[in-house]
Amino acid sequence: RAAEPGELQPEPATLHSLGVRWPVKGDANADAVISVQYRASGEAAWREGFPLFRTHPSMVSPENRVPGGWLFAGSIVDLVPDTEYEVRFRLRDPDGGDAERTLVMRTIAEPREPAGMRVRHVVPGPDGGGGSGTGEDPFRGLKAAQAAAPGDLYLLHAGIYREAPWTIDRHGAR
């Protein structure tokens, strides 16, 4: 029986990878393959990716099983962060049901602190603490750092913080 492709399902992107799942019904003799090609948007040349992997129905979670078929899955790795890519998938089954799909996908950007966020400096210190949290007068110890306001960014400087166990006793929301 010929392959019957379902809808491509993109996975959440990372800084350096894009992933997809593609359910395919039919292909009882398991001879279908799905090739992957990709390129950064605007580039002319396509690059070859690893083909999608055929998962075994008994080895995937129930919600990922494809009744009467297979789940193909895979990733493209070593990509550039915050970049849009065109990704082409070609399903080839000698028994019929060939298909081609192209997705436009984007890797995520490096997380950045929100604009205007106040940075509070913390260095290892005695239980008594002290400091105002500035770079010149950092909080001394984790307990002292709780004087920071909700939404502040803690910058923990190198060292050994000996205040264990330490419990955050203030809410961090504004």
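Everything that follows concerns the structure shown earlier in this document.
Below, the structure is looked at part by part. Note that this is a predicted model, so its numbers are computed, not measured.

**Focus: the overall build of the protein**
When helices and strands are counted, the protein shows one helix and twelve strands. Helices (α) and strands (β) of the protein occur, in sequence order from the N terminus, as β-β-β-β-β-β-β-β-β-β-β-α-β. For 174 residues, the compact-globule estimate of 2.2 N^0.38 gives 16 Å, and the protein exceeds it by more than 25% at 25 Å. Counting only C-alpha atoms and orienting by the principal axes, one finds that the protein spans roughly 75 × 40 × 30 Å. Considering the protein as a whole, with its 174 residues, one finds that 33% of them fall into the buried category. Taking contacts inside the protein between residues at least 6 apart in sequence as the whole, the part at least 24 apart equals 54%. Surface exposure of the protein reaches about 10,500 Å², of which carbon and sulfur atoms provide 56%.

**Here we look at empty space enclosed by the protein**
Using the criterion set out here, one finds one cavity of 30 Å³ or more in the structure. A volume near 40 Å³ is recorded for the largest cavity. Lining the largest cavity, in full, are Leu18, Gly19, Val20, Val36, Phe50, Leu52, Gly74, Ser75, Ile76, Val87 and Phe89. Broken down by secondary-structure element, the contributors of at least two residues to the lining of the largest cavity are β3 (18–25), β7 (69–76) and β8 (84–92). Residue composition of the lining of the largest cavity, by class: eight nonpolar, three polar and no charged.

**Looking at the nonpolar core**
Ranked by internal contacts, the top residues of the largest apolar core, which has 23 residues, are Trp22, Ile34, Leu52, Val87, Phe89 and Leu91. Mapped by element, the contributors of at least two residues to this core are β3, β4 (33–40), β7, β8 and β9 (99–106). Val122, Phe139, Ala144 and Ala145 belong to the second-largest nonpolar core, a separate cluster that totals six residues.

Parameters and conventions
- Residues numbered from 1 in each chain as written.
- Predicted model: local features only at pLDDT ≥ 70, side-chain atom pairs only at ≥ 80, totals over all residues.
- Heavy atoms only, no water.
- Helix = DSSP H or I, 4+ residues; strand = E, 2+ residues; numbered from the N terminus.
- Rg over C-alpha atoms; globule rule 2.2 N^0.38 Å.
- Buried < 20%, exposed > 50% of the residue type's maximum accessible area, 1.4 Å probe, protein only.
- Contact = heavy atoms within 4.5 Å.
- Areas by Shrake-Rupley, 256 points an atom, 1.4 Å probe, with all protein chains shown as cover.
- 1 Å grid on protein atoms, 1.4 Å probe; cavity = no way out; pocket = protein on both sides within 12 Å on 5 of 7 lines; lining within 4 Å.
- Points joined across faces, edges and corners; volume = space filled by probe spheres on them.
- Nonpolar A, V, L, I, M, F, W, Y, C, P; charged D, E, K, R; others polar.
- Core = buried A, V, L, I, M, F, W, Y, C linked by side-chain atoms within 4.5 Å.

So yeah, pure geometry; function would need other evidence.
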